[in-house]
Number of protein chains: 2
Amino acid sequence: MQEQPRRQSRIQRKNRETILTAALREFSARGFAGTTIDQIAEAAGLSKPNVLYYFQSKDAIHTELLRGLMDLWLGPLRDMRAEGDPADQILAYARRKLEMSRDYPQESRLFANEVLQGAPRLQPILGGELRELVEEKSALIALWIAEGRIAPVDPHHLLFSIWALTQHYADFEVQVRAVLGPDHDPYAEAEVFLDQLYRRMLRVQPRE
Amino acid sequence: MQEQPRRQSRIQRKNRETILTAALREFSARGFAGTTIDQIAEAAGLSKPNVLYYFQSKDAIHTELLRGLMDLWLGPLRDMRAEGDPADQILAYARRKLEMSRDYPQESRLFANEVLQGAPRLQPILGGELRELVEEKSALIALWIAEGRIAPVDPHHLLFSIWALTQHYADFEVQVRAVLGPDHDPYAEAEVFLDQLYRRMLRVQPRE
DNA sequence: CCTGATCCTGACCAAATGGTCAATAATTTG
DNA sequence: CAAATTATTGACCATTTGGTCAGGATCAGG
């Protein structure tokens with residue numbers, strides 16, 4: 001519970017990092033319950049007791065991973081600004097989120113796994129930090145709509161749609177690839193698709 | 001492996017059904033590895049050996065559930081027809097898929113869990129039956145585009161987007177509810193949102 | 001109401017798993 | 001370089017878990 005104030009040794013930092021990287025790979029591939037400490041230890045090139053020397057328990061590793069994840073996850077949304085063209089801002093957010101799915105698919109799956117199972121360790125963040133951030137950005141989008149700079153949409157569901165559409169390519173990657181076959185670049189195609197989708201959806205109609 | 005040709009007794013049908021229902025609830029809530037036969041047995045009101053009297057193994061229960069799932073899952077897409085207005089057809093599909101997320105969230109999560117972990121038992125279906133179905137419907141959508149009846153989009157990714165946007169409300173339900181708070185009806189709002197989204201996206205632009 | 005088939009269970013087992021610990025090795029530091 | 005601290009591990013343990021089995025209960029049909 002209490003954070004050790006003693007600063008970490010070099011070897012400590014390295015091994016904790018190694019364990020977290022290995023654990024991310026394992027947890028994201030087989031879920032929390034489906035992953036054993038032995039698997040993590042082997043993936044990290046350490047013995048099981050050694051892993052437990054650095055982390056109190058399997059649960060502690062998982063919790064640590066999730067904590068680190070949220071910052072990475074919320075970053076792009078935080079960067080959505082009032083300045084600039086609204087549609088460009090929203091599109092930039094979608095694009096960055098898609099890049100994150102492409103570059104951090106394990107993180108995406110870890111998150112999906114957690115939420116899918118009812119987010120037992122994330123609920124406070126979802127209903128707290130995330131909710132407030134969404135509220136703030138929704139207000140911004142609502143403002144843009146009120147100013148007539150983008151077409152009217154429900155801001156919350158607009159954000160949900162960005163999450164759903166981008167994370168889908170990481171979380172359901174096997175399905176996407178199985179359906180598309182080998183001669184496709186899902187992420188490149190998705191970028192074009194999302195661009196079209198949001199441009200059309202947000203374009204202000206001259207007269208409906 | 002071989003199907004018992006002897007027809008099932010009444011009690012057999014009832015208990016197998018009870019077990020499958022209980023197992024769906026448990027598996028969808030905690031994943032395959034996170035669920036024990038004992039939990040399934042208790043949820044079904046049976047003893048563990050009794051559960052194993054009706055199913056050879058925990059794996060057999062899971063496999064049976066997944067098999068039954070695919071028909072339910074692919075049904076709405078199969079119903080997308082060449083007749084009628086293209087945009088209406090696509091919208092009807094999206095709406096039905098959203099209803100399925102609302103009415104069968106456990107099934108959605110079971111499926112998500114499976115795909116998330118690499119779809120070890122579903123890959124043949126994904127690359128086979130599903131892929132063919134998607135190919136067929138993509139061709140239909142491409143035809144509609146060629147005829148100028150809907151705006152041009154990548155048909156595959158259009159289908160992906162429908163899956164992602166609708167399943168999101170079931171799979172990430174805790175997140176959606178945590179962000180929206182208690183005074184919202186996610187599915188009702190989503191229906192409106194999806195309607196707007198696809199109408200705007202698919203509307204043929206007079207002159208771009 | 002007898003008999004064979006179906007249904008059900010307590011007791012049990014082997015393997016896996018999360019976690020501990022005493023002892024040893026390596027490293028840091030005075 | 002010696003003492004103290006930190007890192008590592010083999011052996012071990014208690015619990016959980018998937019699955020078995022022999023025997024008893026129940027039920028359908030003649």
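Residues numbered from 1 in each chain as written. Chains lettered and ligands numbered in written order. Predicted model: local features only at pLDDT ≥ 70, side-chain atom pairs only at ≥ 80, totals over all residues. Heavy atoms only, no water.

As recorded in an unreviewed UniProt entry, chain A goes by TetR family transcriptional regulator and comes from Paracoccus litorisediminis.

A. Broad picture of helix α2 (residues 37-44) of chain A. Those residues of α2 of chain A that sit buried are Ile37, Ile40, Ala41 and Ala44 of chain A. Taken around the axis of α2 of chain A, the buried residues stretch over an arc of 100 degrees, which confines them to a single face. (Buried < 20%, exposed > 50% of the residue type's maximum accessible area, 1.4 Å probe, protein only. Helix = DSSP H or I, 4+ residues; strand = E, 2+ residues; numbered from the N terminus. Arc of directions from axis to C-beta.)

B. Structural context of the relation of the copies chain B and chain A. Placing chain B over chain A gives an RMSD of 0.0 Å and needs a rotation angle of 180 degrees, together with 0.0 Å of translation along the axis. Here the two chains are linked by the operation of a two-fold rotation axis. Both copies contact each other with a shared surface, as 100% of the interface residues of chain B are interface residues in chain A too. (Least-squares fit on C-alpha atoms with pLDDT ≥ 70 in both. Contact = heavy atoms within 4.5 Å.)

C. Focus on the domain arrangement of chain A. All names here are of chain A. Domain boundaries in chain A define domain 1 (1-56) and domain 2 (65-202). With centres defined by C-alpha atoms, the gap from domain 1 to domain 2 works out at 29 Å. Listed as interface residues are eight residues of domain 1 and, on the opposing side, seven residues of domain 2. Roughly 710 Å² is buried in total at the junction of domain 1 and domain 2, and carbon and sulfur atoms are behind 66% of that figure. Inspection of the domain 1/domain 2 interface yields zero salt bridges. At the boundary of domain 1 and domain 2, one finds zero residue pairs in polar contact (both at pLDDT 80 or more). (Domains from an automatic or database assignment. Buried area = accessible area lost by both parts, 1.4 Å probe. Salt bridge = Lys/Arg side-chain N within 4 Å of Asp/Glu carboxyl O. Polar contact = N/O pair within 3.5 Å; in protein donor to acceptor, adjacent residues only side chain to side chain.)

D. Examining the interface of chain B and chain A more closely. Chain B puts 57 residues into the contact, and the matching count from chain A is 57 residues. Taken together, both faces of the contact between chain B and chain A bury some 4900 Å²; the carbon and sulfur share is 65%. For the chain B face of the interface with chain A, the top three residues by lost area are Leu116, Val179 and Arg200 of chain B, together amounting to 15%. The tally of links between chain B and chain A comes to zero salt bridges. Between chain B and chain A we count twelve residue pairs in polar contact (both at pLDDT 80 or more) in total. Of all elements in the fold, only α1 (10-30), α6 (105-116), α7 (123-146), α8 (155-171), α9 (173-180) and α10 (186-202) of chain B reach the threshold of two or more residues within the side of chain B that touches chain A. Per-element tally for the side of chain B that touches chain A: the top contributor is α8 of chain B, with twelve residues. Split into classes, the residues belonging to the side of chain B that touches chain A amount to 30 nonpolar, 17 polar and ten charged. (Nonpolar A, V, L, I, M, F, W, Y, C, P; charged D, E, K, R; others polar.)

E. Focus on the protein's contact with DNA strand C. Taken together, 19 residues lie near DNA strand C, and Lys58 of chain A together with Ser9, Ile11, Gln12 and Tyr54 of chain B sit nearest. A distance of 3.0 Å separates a phosphate oxygen of DNA strand C from a polar atom in the backbone of isoleucine 37 of chain A. Those elements that provide at least two residues to the surface near DNA strand C are α3 (48-54) of chain A together with α1 and α3 (48-54) of chain B. In terms of residues, the surface near DNA strand C owes the most to one element, α3 of chain B, which gives four residues. (Near = heavy atom within 4 Å.)

F. Local environment of α8 of chain B. Residue and element names in this part refer to chain B. An ideal rise of 1.5 Å per residue puts 24 Å on 17 residues; α8 measures up with 24 Å between its terminal C-alpha atoms. Among the 17 residues that make up α8, 17 are buried, leaving the element largely enclosed by the rest of the structure. One side-chain oxygen at the N-terminal end of α8 lies 3.0 Å from the backbone nitrogen of histidine 156; it belongs to aspartate 154. (Expected span 1.5 Å × (residues − 1).)

G. Fine view of the nonpolar core. Ranked by internal contacts, the top residues of the largest apolar core, which has 137 residues, are Ile61, Phe111 and Tyr198 of chain A together with Ile19, Ile61, Phe111 and Tyr198 of chain B. Leaving out residues up to four positions away in the same chain, tyrosine 198 of chain A has contacts with Leu91, Ala94, Leu158, Ser161, Ile162 and Leu165 of chain A. (Core = buried A, V, L, I, M, F, W, Y, C linked by side-chain atoms within 4.5 Å.)

H. Structural view of the protein's contact with DNA strand D. Near DNA strand D, the surroundings consist of 18 residues, among which Ser9, Gln12 and Tyr54 of chain A together with Lys48 and Lys58 of chain B are the closest. A share of 59% of the atoms of DNA strand D within 4 Å of the protein falls on sugar and phosphate groups. Within the contact set of DNA strand D, a phosphate oxygen lies 2.8 Å away from a side-chain nitrogen or oxygen of glutamine 12 of chain A. Between DNA strand D and the protein, one listed contact pairs a base nitrogen with a side-chain N or O atom of lysine 48 of chain B at 2.9 Å. Listed by contribution, the elements that provide at least two residues to the surface near DNA strand D are α1 (10-30) and α3 of chain A together with α3 of chain B. If you tally residues by element for the surface near DNA strand D, the top one is α3 of chain A, at four residues. Looking at the surface near DNA strand D, its residues break down into seven nonpolar, eight polar and three charged.

I. Looking closely at the packing of aromatic side chains. Applying the stated rule across the entire model yields 14 aromatic pairs over all chains. Ring geometry for tyrosine 169 of chain B against tyrosine 187 of chain B: centres 6.2 Å apart, planes inclined by 55 degrees, an arrangement best described as tilted. Separated by 18 residues along the polypeptide, tyrosine 169 of chain B in helix α8 and tyrosine 187 of chain B in helix α10 bring together distant segments of the chain. With respect to class, tyrosine 169 of chain B is no different from tyrosine 187 of chain B; both count as buried. Members of the aromatic cluster, connected to one another through ring pairs, are Phe160 and Trp163 of chain A together with Tyr169 and Tyr187 of chain B. We note arginine 121 of chain A situated over the ring of phenylalanine 32 of chain A; from NZ or CZ to the ring centre the distance is 4.6 Å. For the cation-ring pair, lysine 97 of chain B lies above tryptophan 73 of chain B, with the distance from its terminal atom to the ring centre recorded as 4.4 Å. (Phe/Tyr/Trp six-rings, centres within 6.5 Å; stacked < 30°, edge-to-face > 60°. Lys NZ or Arg CZ within 6 Å of the ring centre and 35° of its normal.)

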